[in-house]
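Okay, here's what each chain looks like letter by letter:
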Amino acid sequence: APVFKSQDVIEAIEVKTYHRWTTINGVAQMREVPLTPKLQEQINKDVALRNENQGYQPRWVFLDAPPSVELQGALDDARQLLAQQQEHDAVEAELQPVPDTRALHAHAAGDTAGDR
């Protein structure tokens, strides 16, 4: 999403929301965002847009799974993309308070002792 910081500067925020965890053969495994031909094409387009307009500043933000070494290298080679990693859980914790499930279960079971 473009953010117009001034008349000459456009910060283009590209948010990547790949899931960090996957299950393979019953085992949880952490994932990274791989460098794919499609992502390389996005990088190339950002470079072309920046070359046309020096005020165009693309920024890639990874909310959950981090970029792989290869993807981070491609972003670094492009020299115009700032890749930021945000912990998805930390972001969600700030946005949505987590209810105390013990209180919810006790209330649902009719236990009101904790209400006094």
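Residues numbered from 1 in each chain as written. Predicted model: local features only at pLDDT ≥ 70, side-chain atom pairs only at ≥ 80, totals over all residues. Heavy atoms only, no water.

(A) Seen up close, the environment of Ile43. If you trace the backbone, Ile43 turns up in helix 1 (residues 37–52). Residue class for Ile43 comes out buried when judged on its relative accessible area of 2%. Taking C-alpha positions, Ile43 is 9.3 Å from Pro58, a pair spaced 15 residues apart along the chain. (Helix = DSSP H or I, 4+ residues; strand = E, 2+ residues; numbered from the N terminus. Buried < 20%, exposed > 50% of the residue type's maximum accessible area, 1.4 Å probe, protein only.)

(B) Summary view of the pattern of salt bridges. All chains considered together, the criterion is met by two salt bridges. When the shortest N-O distance is used, the salt bridge between Lys16 and Glu14 registers 3.0 Å. Classification of Lys16 by relative accessible area gives buried; the value is 6%. Of the residues examined, Glu14 reaches a relative accessible area of 32% and is grouped as partly exposed. Of the charged contacts, one joins Lys45 and Glu41 as a salt bridge, the two residues approaching to 3.4 Å between their closest N and O atoms. Note that Lys45 and Glu41 are positioned in helix 1 at a spacing of four residues, about one turn of the helix. (Salt bridge = Lys/Arg side-chain N within 4 Å of Asp/Glu carboxyl O.)

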